Amino acid sequence: NHKNTKGKLLMFTVLVIDDEYLEREAMINLVDWKESNCTLLDTAQDGVEGLSKILSLKPDIVITDISMPKMDGLSMIEKAIKEGCDFHHSLWLRRV
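Residues numbered from 1 in each chain as written. Predicted model: local features only at pLDDT ≥ 70, side-chain atom pairs only at ≥ 80, totals over all residues. Heavy atoms only, no water.

1. What about the pattern of salt bridges?
- Evaluation of the coordinates by the stated rule reveals four salt bridges.
- We note a salt bridge from Asp42 to Lys53, for which the minimum N-O separation is 3.0 Å. Placement of the pair is Asp42 in strand S2 (residues 38-44) and Lys53 in helix H2 (residues 47-57), with a sequence separation of eleven residues.
- Note that Glu78 is salt-bridged to Lys82, the shortest N-O span being 3.4 Å. Of the two residues, Glu78 and Lys82 are both situated in helix H3 (residues 73-82); the distance of four residues between them amounts to about one turn of the helix.
- Given a relative accessible area of 45%, Glu78 falls into the partly exposed group.
- Through salt bridges that share partners, Asp42, Glu49 and Lys53 make up one connected network. (Salt bridge = Lys/Arg side-chain N within 4 Å of Asp/Glu carboxyl O. Helix = DSSP H or I, 4+ residues; strand = E, 2+ residues; numbered from the N terminus. Buried < 20%, exposed > 50% of the residue type's maximum accessible area, 1.4 Å probe, protein only.)

As structure tokens, this is what we get:
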């Protein structure tokens, strides 16, 4: 659990990255963010935009598609780590 120095439960911040509009909207709307102890920070529609938002917003959790135009999700996460981003969790999604 994410707690501050006074023991209060803090919300995890989440960034959702997917090039498919309907997939992105489904993730946004099907998750009960508050019940999941999360706050949705923003979304991005490709790896380049996603990397920029990871570096500027510094989310705790990144939910990303792997196969995207401009930059795939794995390269995006790798570049974010090389840039010093220290998010707690990432979830990679792949359509089958």
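2. Some details on the nonpolar core
- With twelve residues, the main nonpolar core is built from Leu15, Ile17, Ala44, Leu51, Ile54, Val62, Met68, Met71, Met76, Ile77, Ala80 and Cys85.
- Per element, the largest residue contribution to this core is three residues, and it comes from H3.
- Sequence-distant contacts of Cys85, defined by excluding residues within four places in its chain, comprise Ile54, Leu55 and Ala80. (Core = buried A, V, L, I, M, F, W, Y, C linked by side-chain atoms within 4.5 Å. Contact = heavy atoms within 4.5 Å.)

3. Some remarks on the pairing of S2
- Here strand S1 (residues 12-17) pairs with S2 via six bridges, running parallel. By the bridge assignment, Thr13 is partnered in S2 with Thr39. (Pairing = 2+ DSSP bridges.)

4. Topic: the environment of Leu74
- Turning to its location among the elements, Leu74 is positioned in helix H3.
- We classify Leu74 as partly exposed; its relative accessible area is 37%.
- Measuring from C-alpha to C-alpha, the distance between Leu74 and Thr64 comes to 8.8 Å, with ten residues separating the pair along the chain.

5. Quick notes on the side chain of Thr43
- Within the element layout of this structure, Thr43 appears in strand S2.
- Ignoring any residue separated from it by four or fewer positions in sequence, one finds Thr43 in contact with Leu15, Val16, Arg24, Ile28, Glu49 and Lys53.

6. Re helix H1 (residues 21-30)
- Along H1, the residues that are buried comprise Arg24, Met27 and Ile28. With its buried residues spanning 95° around the axis, H1 presents them on a single face. Among the exposed residues of H1, those pointing more than 90 degrees away from its buried face are Leu22, Asn29 and Leu30. (Arc of directions from axis to C-beta.)

7. Digging into unusual backbone geometry
- Of note in the backbone geometry, Asn37 takes a positive phi value of approximately 60° without being a glycine.
- Position of Asn37 among the secondary structure elements: in the loop between H1 and S2.
- Located in the positive-phi region is Lys70, a residue other than glycine, with phi close to 70°.
- For Lys70, the position within the fold is in the loop between strand S3 (61-65) and H3.
- Using a relative accessible area of 70% as the deciding quantity, one classes Lys70 as exposed.

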